[in-house]
Amino acid sequence: MNNLVVLPILLPLITGVVTILFFRSINIQRLMSVIGLLATATASTILITRVAQSGVLTLNMGGWSAPYGIVLVADMVAALLVVTASIIALTCLFYAFRSINKEREQHHFYPFFHFLIAGVNASFLTGDLFNLFVSFELMLISSYALIVLGGTERQLRETIKYVLINIVSSALFVASIGFLYSVTGTLNMADLSVRIAEVGQSGVITLIGVLFLIVFSIKAGLFLFFWLSGSYAAPPAVVTALFAGLLTKVGLYAIVRTFTLIFYHDPDFFNSLIGWMAGATMILGVIGAISYRDVNKILVYNVVAGVGFVAFGMAAASRTALEGLLFYMLHDMLIKTLLFLLGGALIAVAGTSRLDNMGGLIQRYPVLGWMFFISALALAGLPPFSGFPGKLMLFEGGFEAGLYGLTGVAVLSSLLMLYSVLRIFIQAFWGEAPAGMARRPYAVNGLLVPAGILLVFIIVIGLGAEGMFQLTSRAGDILLHPNIYIDAVLKE
C-alpha cells in the first residue's frame, strides 16, 4: 500500500494531461479538474491517516532501494503540507471558474495549474535532492506559463524578471548538487545525512550548505525577495493566491528539510545565519506593507514578512519552535491564499487596486468586508484562529533559545502586519467613496464561496488546535531526530 505515496503527484499529472487532450472544451476541462483535485485531496487525506497510524512511508521508484534509486518519503511533515496544498488547490480552482477569462482558459490554464500542483507535491514528498530539483523545475515552468497568460505589458515585463531570477537560482541549484555529490557520492537525503556525519563538518561542507541556503532563500523570498513584489502583483488574483500559498512555502520547506536533515551537524552557524535573514525579512516585509497604498503590494509584502516568521522558527530550532514553525506554516499557507482571493474580489468590485480610489464598499458588499476583517485578525494570529497557537509557540521557542531581540522583532512585525491589512479594510470599506469610483454592480458571491471554505478551515484549525498539536508534535519529532527519517528510508 506504499504506492499511496505517489498518488498526490501522479493524479495531478494525469489530470493535466487529460485537460490538454480536451483543450477545445472548457467545460470538460473544468469537470476533469474538479474530479482530479478531489481525487488528489482524497489520496492526501488517506495518506496522512496512514502516516499517523504507521509512521514514515517510503516508496522506492523502479524497485531500486535507497540510496541507489529515487525514493518518495511521506512523513508527517510532508503529509501535512500535501493535505494543505490540496485544500488550497481546490479552493483556487473554484475561484478560477468565476474569475479567469475565456482567453486564459483556452490557452491551457488548467493543464499548467495541475502540473504546478504536481510539482509542489513532488517537492514535499521526494527523498532525493536531484529529484527535488526536477520537482522545482516542473513547478517553476508551470508558474512561468501561469504568470504570463493574458499578455499585458506589465505581465510580460515581470515574467521576464521572474524567469531570469529562477533560471539563475536553478543553475546555482544544479551546481550545488554537483559539488555535494563530488564530496559525498550520493544525493539521497537520508544517505547524505549519514555521509556528512561520517565525513564531519568541514569548510567545504559549510560552503555547500551556504550555496543551498542561497538557492532556497531565492525560491522562498527569504531576504532575497527583490524579485517577488513585482512578479506576484502582476498576474490575476487566483494565480497570485496560488503562488503566495504554495510556491514560497516550497522554498521554506526545502530550507527546513535540508537544515534539519542534511546540514544539521553545525547548527550554530546555519541557525544564526538564518536568524539574521529572518529578522531582516520580517523588518523589510512590514516596512513594505505599511508603505504602499496598493492592495496587491500590501499583501505581497505580508507574504515576505510571513516567510521571515517561518524562518524565525528555524533560527530558534528548539522543539517548541519547530512545532510552532510547522503549525504557523500551515496557517500561513491558508491565510495568504485567503487574503489574495479576498483582495482579488475587492479589486474587482472597486475597479482599482489603489486604496486612495476606494471607499464605502461595506454598504454594497458587507459579506466581503467582514470576511476581510476576520481574515486580518487571523493574519495577526489572534485567537481563536489558526495563527494563534503557531505564533505563541514560535515566541515561546524564541525565548527558550535566548533570541530575545529576534522575538521582539517578530512580535512587532505581527502587529504591523495587522495594521497594514486593517488599513485596507478601513480605507476600502468605510468612509465615502471617491468621486471617480466605479459603481457598477459586481456578482461577488461566486468569489466568496471558495474564500469562505478557507476561512472555515482557519477557524476549525484554531478551535481544534489540540488535535493539530498531536500531528505537529509527530512532525516535530522528525525534524528534531533525523534518525527517524534515516532509518525509515535506509531500512537500517
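### A word on the overall build of the chain
Helix and strand counts for the chain come out as 20 helices and 2 strands. The globule rule puts the C-alpha radius of gyration for 492 residues at 23 Å, and the 22 Å found for the chain is close to it. Considered along the principal axes of its C-alpha atoms, the chain spans approximately 70 × 55 × 40 Å. The burial tally for the chain puts 62% of its 492 residues in the buried class. Look at the contacts in the chain between residues 6 or more apart in sequence, and 82% of them connect residues 24 or more apart. Within the structure as shown, the chain displays about 17,500 Å² of accessible surface, and the carbon and sulfur contribution to it stands at 68%.

### Thoughts on a nonpolar patch on the surface
There is a patch of nonpolar side chains on the surface, built from Val17, Leu21, Phe22 and Ile28 and spanning about 360 Å² of accessible area. Along the polypeptide, Leu21 turns up in helix H1 (residues 7-21). The class for Leu21 is exposed, based on a relative accessible area of 63%.

### What to know about helix H8 (residues 189-199)
Inspection of H8 places Met189, Ala190, Asp191, Leu192, Ser193 and Ile196 among the buried residues, and these make up the whole buried set. A distance of 3.0 Å separates the backbone nitrogen of Ala190 from a side-chain oxygen at the start of H8, and that oxygen is part of Asn188. Phi turns positive, to about 90 degrees, at Gly200, one or two residues after H8.

### Remarks on the packing of aromatic side chains
Within this structure, the stated rule accounts for 35 aromatic pairs. An angle of 65 degrees between the planes, with centres 5.7 Å apart, marks the rings of Phe136 and Phe173 as edge-to-face. Of the two residues, Phe136 is situated in helix H6 (residues 129-148) and Phe173 in helix H7 (residues 153-184); the sequence distance between them amounts to 37 residues. Phe173 sits in the buried class, given a relative accessible area of 0%. Look at Tyr292 and Tyr301: their rings are 5.5 Å apart centre to centre, the planes differ by 15 degrees, and that puts the pair in the stacked class. Following the ring pairs from residue to residue traces out a cluster consisting of Phe130, Phe133, Phe136, Phe173, Phe212, Phe216, Phe259, Phe263, Phe269 and Phe270. Just above the ring of Phe309 sits the side chain of Lys391; from NZ or CZ to the centre is 4.6 Å.

### Thoughts on the pattern of salt bridges
Considering all chains together, one arrives at 11 salt bridges under this definition. Where Glu105 meets Lys102, a salt bridge forms, and the shortest distance between an N and an O atom there is 3.8 Å. Of this pair, Glu105 and Lys102 both sit in helix H4 (residues 102-106), 3 residues apart, which is roughly one turn of that helix. Judged by its relative accessible area of 0%, Glu105 is buried. On the basis of relative accessible area, Lys102 is assigned to the partly exposed category, the value being 47%. The partner of Asp356 in a salt bridge is Arg293, and the shortest N-O contact between them spans 2.9 Å. Residue Asp356 is found in the loop between helix H14 (319-350) and helix H15 (366-380), and its partner Arg293 is found in the loop between helix H12 (267-291) and helix H13 (295-316); the two are separated by 63 residues along the sequence. Each member of the salt-bridge network shares a partner with another, and the members are Arg30, Lys102 and Glu105.

### Here we look at the side chain of Gln29
Position of Gln29 among the secondary structure elements: in helix H2 (residues 26-54). Among the residues examined, Gln29 registers a relative accessible area of 1% and is labelled buried. Reaching out from Gln29, the side chain makes a polar contact with the backbone oxygen of Phe23 at a distance of 3.3 Å.

### Focus on the nonpolar core
Phe109, Leu116 and Phe263 are the most contacted members of the largest nonpolar core, which has 182 residues in total. Apart from the residues within four sequence positions on either side, Leu116 is in contact with Met139, Ser142, Ser143, Leu146, Leu242, Phe243, Leu246 and Leu247.

### Section: the confidence of the model for the chain
Across the chain, the average pLDDT comes to 92, with 97% of residues at or above 70. By mean pLDDT, the top-scoring element of the chain is helix H5 (residues 109-125) (97), and the lowest-scoring one is helix H10 (residues 228-233) (81).

### Some thoughts on the packing of helix H3 (residues 76-99) against helix H19 (residues 465-480)
Contact pair H3 / H19: the axes reach a minimum separation of 8 Å and the direction vectors enclose 130 degrees. Here H3 is positioned oblique relative to H19, judged by the angle of their axes. In this structure, H3 uses Met76, Val77 and Leu80 to contact H19, whose residues at the interface are Met468, Leu471, Thr472, Arg474, Ala475, Ile478 and Leu479. Its residues assigned to classes, the contact of H3 with H19 comprises 8 nonpolar, 1 polar and 1 charged.

### Overview of the environment of Phe457
Counting through the fold element by element, Phe457 comes out in helix H18 (residues 445-463). It is 44 Å that separates the C-alpha atoms of Phe457 and Gly200, two residues lying 257 residues apart in sequence. Those residues within four positions of Phe457 in sequence are excluded, and the remaining contacts are Ile87 and Leu334.

### Here's the deal with the environment of Ile141
With respect to the helices and strands, the residue Ile141 is situated in helix H6. Between the alpha carbons of Ile141 and Met468 there is a distance of 34 Å; along the sequence they are 327 residues apart.

### Remarks on the packing of H19 against helix H20 (residues 482-490)
When two helices pack together, their arrangement is given by the angle between their axes and by how far apart the axes lie. The interhelical angle for the contact between H19 and H20, taken along N-to-C directions, is 85 degrees, at an axis separation of 4 Å. In terms of orientation, H19 and H20 fall into the roughly perpendicular class. Facing Asp477, Ile478, Leu479 and Leu480 of H19, the residues of H20 in contact are Pro482, Ile484 and Tyr485. Partitioning the contact of H19 with H20 into residue classes produces 6 nonpolar, no polar and 1 charged.

### Looking at the side chain of Lys249
Inspection of the secondary structure assignment puts Lys249 in helix H11 (residues 237-261). In terms of polar contacts, Lys249 uses its side chain to reach the side chain of Asp332, at 3.4 Å. Residue contacts for Lys249: discarding those within four places in its chain leaves Phe124, Ala244, Met329, Asp332 and Met333.

What counts and how
- Residues numbered from 1 in each chain as written.
- Predicted model: local features only at pLDDT ≥ 70, side-chain atom pairs only at ≥ 80, totals over all residues.
- Heavy atoms only, no water.
- Helix = DSSP H or I, 4+ residues; strand = E, 2+ residues; numbered from the N terminus.
- Rg over C-alpha atoms; globule rule 2.2 N^0.38 Å.
- Buried < 20%, exposed > 50% of the residue type's maximum accessible area, 1.4 Å probe, protein only.
- Contact = heavy atoms within 4.5 Å.
- Areas by Shrake-Rupley, 256 points an atom, 1.4 Å probe, with all protein chains shown as cover.
- Patch = residues over 30% accessible without salt bridge, like charges linked within 9 Å, V, L, I, M, F, W, Y side chains within 5 Å.
- Salt bridge = Lys/Arg side-chain N within 4 Å of Asp/Glu carboxyl O.
- Polar contact = N/O pair within 3.5 Å; in protein donor to acceptor, adjacent residues only side chain to side chain.
- Phe/Tyr/Trp six-rings, centres within 6.5 Å; stacked < 30°, edge-to-face > 60°.
- Lys NZ or Arg CZ within 6 Å of the ring centre and 35° of its normal.
- Core = buried A, V, L, I, M, F, W, Y, C linked by side-chain atoms within 4.5 Å.
- pLDDT = per-residue confidence, 0-100.
- Axes fitted to C-alpha atoms, helices over the stretch in contact; angles between N-to-C directions.
- Parallel < 35°, antiparallel > 145°, perpendicular 65-115°, else oblique.
- Nonpolar A, V, L, I, M, F, W, Y, C, P; charged D, E, K, R; others polar.

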